[in-house]
Amino acid sequence: MSEAPASGRGARGAAGSASAGAVAVDVGDLPLGGGALAVLRPALALLAPGGVLSVRSTSSGFSEDFASWCRAERHDDLGAETGPDGATTHRVARGADGVARGPREDGMRLPRRDGALLAADVLAAVPFPARADPGSGFAPRGAQVEPGGPAYPVDLVERDRVAPPETARLYDQAVAAQWDAARDVPWDRVGALPPALERAVGQTMTFLAENELSALWVPAKFLPRVHPAYAEVAMLLGITLADEARHIDVFLKRARAGGGGLGVSHVTTSRSLLSLLEQEDFTEAMFLLSVLGEGTFLDLLRYVETHAPDEATAVLVARARADETRHVHFGLAHVRHALAHDSTLYGRLEAAVRRRAATMGDAGVPPAVQDALTVLAARGTEPRAVARGHEAFRALLHEMHENRMKRLVHAGFTPEQAQTLSDLHTPNFM
Ligand SMILES: [Fe+2]
Ligand SMILES: [Fe+2]
């Protein structure tokens, strides 16, 4: 059997003189250092150690150079024969040095769907490894890796702790759903509102932006710790960071577009967000930020959207909420997957929520936020409307708790565990 995966010079094609089991290349009259290596080295790399390559050459100085190259590279020079046409065929067995790990991806053809090529299809073809080797560095998953590379400072090296199977699908959705904070919000539809209502909008947007800042900083901290074999996780986090940047951008723009300006940042919020930023465990951070925090934030955004006093506010909040829904999905997928693979995880998550609750003392929802959300739902300060706004705000707190419970059960917690975790959740919402 003669394979010819590489030919020396197109017109000549592969030599046909290889012995059984060998791979053959024809380097024509190329000198070894003048191009022949570019043909024979990749052909040799296809072979396992001990595999034999035939190299046909018509170059006069080739034999001597080839013999010394084989010695230097620790390949086994098996000798040469010169044929009646004057060409010399060398046979060389591949040595064991520098053999890259893993199979080659020869022949891989990714499926296309209506002309599109999805990250989810790449992941299906090249699945996440159960464990990743820090010595493979930034080698893309699926590349052959030469041994002996330096260990990289990454510690998220286990699939079940970092890379749920939904990752690539969520990445595809995130890429397709990007929008422009400058042009995709009808900024000319910011209403001319009574000052008290506009100030309530400014305060609400200040609070939203402050929480969004934490949602940018917290995942950013974990991104460089993800092993590159789980690149889709880092890519999804990268898009998530772009989402959060856009949310900060639109919320601050809305606060300043209608005359209200920014409001107050409360200590309760600051304490709550610091306790998020101080998380060192990726799963605990994803749970606190994305399942409990951003999950609760979804209800808050829906509330602001429902009571939005103008079209610009309604649109920007709806767009942010669509992005947040993906962030919550990833958090849920991560936690559900990790819970299924680690029986000690619930205890750790409950302890993390308790530690966080202890730093909050008996703080409630920040006062300026309560007032702003009440006035927002009242659409002003007319007393009977404010009574309705007050009821709407109380209903929001109830709804947040109910939906947190549902999300937690969906993530794999028992109803009792869900109740405990939801009751301990920060009064800052995020
Ligand atoms: Fe956000
Ligand atoms: Fe988010």
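Residues numbered from 1 in each chain as written. Chains lettered and ligands numbered in written order. Predicted model: local features only at pLDDT ≥ 70, side-chain atom pairs only at ≥ 80, totals over all residues. Heavy atoms only, no water.

Would you mind going over the coordination of the iron ion (ligand 1) with me for this structure?
When a metal holds four donors in a tetrahedron, each ideal angle between them is 109.5 degrees; when it holds six in an octahedron, the ideal angles are 90 or 180 degrees. Looking at the metal site, the iron ion (ligand 1) is ligated by E212 (OE), E212 (OE), E244 (OE), H247 (ND1) and E324 (OE), spaced 1.8 to 2.6 Å from it. For the iron ion (ligand 1), all donor residues lie on one chain, and their spacing in sequence is E-x31-E-x2-H-x76-E. Separating the iron ion (ligand 1) from the iron ion (ligand 2) is a distance of 3.4 Å, and E244 supplies a donor atom to each of them. Of this pair, E212 sits in helix α6 (residues 195-222) while E324 sits in helix α10 (residues 311-341); the two residues are 112 residues apart in sequence, bridging distant segments of the chain. An identical accessibility class is assigned to E212 and E324; each is buried. (Donors = N, O, S within 2.8 Å, 3.2 Å for Na, K, Ca; no water. Helix = DSSP H or I, 4+ residues; strand = E, 2+ residues; numbered from the N terminus. Buried < 20%, exposed > 50% of the residue type's maximum accessible area, 1.4 Å probe, protein only.)

Would you mind showing me how to read the domain arrangement of the protein chain here?
Size of an interface: often given as the accessible area lost when the parts come together. In terms of domains, the protein chain is made up of domain 1 (23-93) and domain 2 (159-424). Taking the mean C-alpha position of each, domain 1 and domain 2 sit 63 Å from one another. (Domains from an automatic or database assignment.)

Teacher, can you tell me more about the packing of helix α5 (residues 167-176) against α10 here?
Axis angle and axis distance: for two packed helices, these are the angle between their axes and the distance between the axes, and together they describe the pair. Interaxial distance between α5 and α10 falls to 10 Å at its minimum, and their mutual angle equals 175 degrees. Between α5 and α10, the angle falls in the class roughly antiparallel. Contacts between α5 and α10 pair T167, L170, Q173 and A174 from the former with R326, H329 and F330 from the latter. For the contact of α5 with α10, the class distribution of residues is three nonpolar, three polar and one charged. (Axes fitted to C-alpha atoms, helices over the stretch in contact; angles between N-to-C directions. Parallel < 35°, antiparallel > 145°, perpendicular 65-115°, else oblique. Contact = heavy atoms within 4.5 Å. Nonpolar A, V, L, I, M, F, W, Y, C, P; charged D, E, K, R; others polar.)

Teacher, can you tell me more about the sheet that holds strand β1 (residues 23-28) here?
In any sheet, the strands associate via hydrogen bonds between backbone groups, in a parallel or an antiparallel arrangement. The strand order β1-β2-β4-β3 describes an open sheet built from four strands, whose pairing is mixed. The outermost strands of the open sheet, each flanked by one partner alone, are β1 and β3 (76-82). Ignoring strand direction, the axes of neighbouring strands in this sheet form an average angle of 20 degrees. Those strands touched by helix α1 (residues 36-45) are β1, β2 (52-57) and β4 (88-93), and its axis lies near 175 degrees from that of β1. The strands that helix α2 (residues 62-73) touches are β1, β2, β3 and β4; relative to β4, the one it contacts most, it runs at about 0 degrees. (Pairing = 2+ DSSP bridges.)

Can you help me understand the coordination of the iron ion (ligand 2) in this one?
Note on the iron ion (ligand 2): its protein donors are E244 (OE), E294 (OE), E324 (OE), E324 (OE) and H327 (ND1). The metal-donor distances range over 1.9 to 2.7 Å. Taken in sequence order, the residues that donate to the iron ion (ligand 2) follow the motif E-x49-E-x29-E-x2-H.

Could you clarify how one ought to interpret the pattern of salt bridges in this entry?
Opposite charge on two side chains makes pairing possible when the charged atoms of those side chains draw close. Across all of its chains, the model carries 33 salt bridges by this definition. The shortest N-O distance in the salt bridge between R407 and D299 comes to 3.5 Å. Highlighted residues: R407 in helix α13 (residues 383-411) and D299 in helix α9 (residues 282-306), separated in sequence by 108 residues. The burial state of R407 is the same as that of D299; both residues are buried. One salt bridge in this structure joins R354 and E350, with 2.8 Å as the shortest N-O distance. Of this pair, R354 and E350 both sit in helix α11 (residues 345-360), four residues apart, which is roughly one turn of that helix. Among the residues examined, E350 registers a relative accessible area of 18% and is labelled buried. In this structure, a network of salt bridges that share partners links the residues R131, E158, R161, D281, E284, D342, R348 and R355. (Salt bridge = Lys/Arg side-chain N within 4 Å of Asp/Glu carboxyl O.)

Just checking my understanding: could you explain the packing of α6 against helix α8 (residues 267-277) for this structure?
Two elements in contact, α6 and α8, have axes whose closest approach is 9 Å; the angle formed by their N-to-C orientations is 15 degrees. The angle between α6 and α8 falls in the class roughly parallel. Handedness of the α6/α8 crossing: right-handed. Only T269, S270, L273, L276 and L277 of α8 make contact with α6, whose side of the interface consists of F207, E210, N211, S214, W217, V218 and K221. A per-class count over the contact of α6 with α8 returns six nonpolar, four polar and two charged. (Left-handed = near helix turned anticlockwise from the far one by under 90°.)

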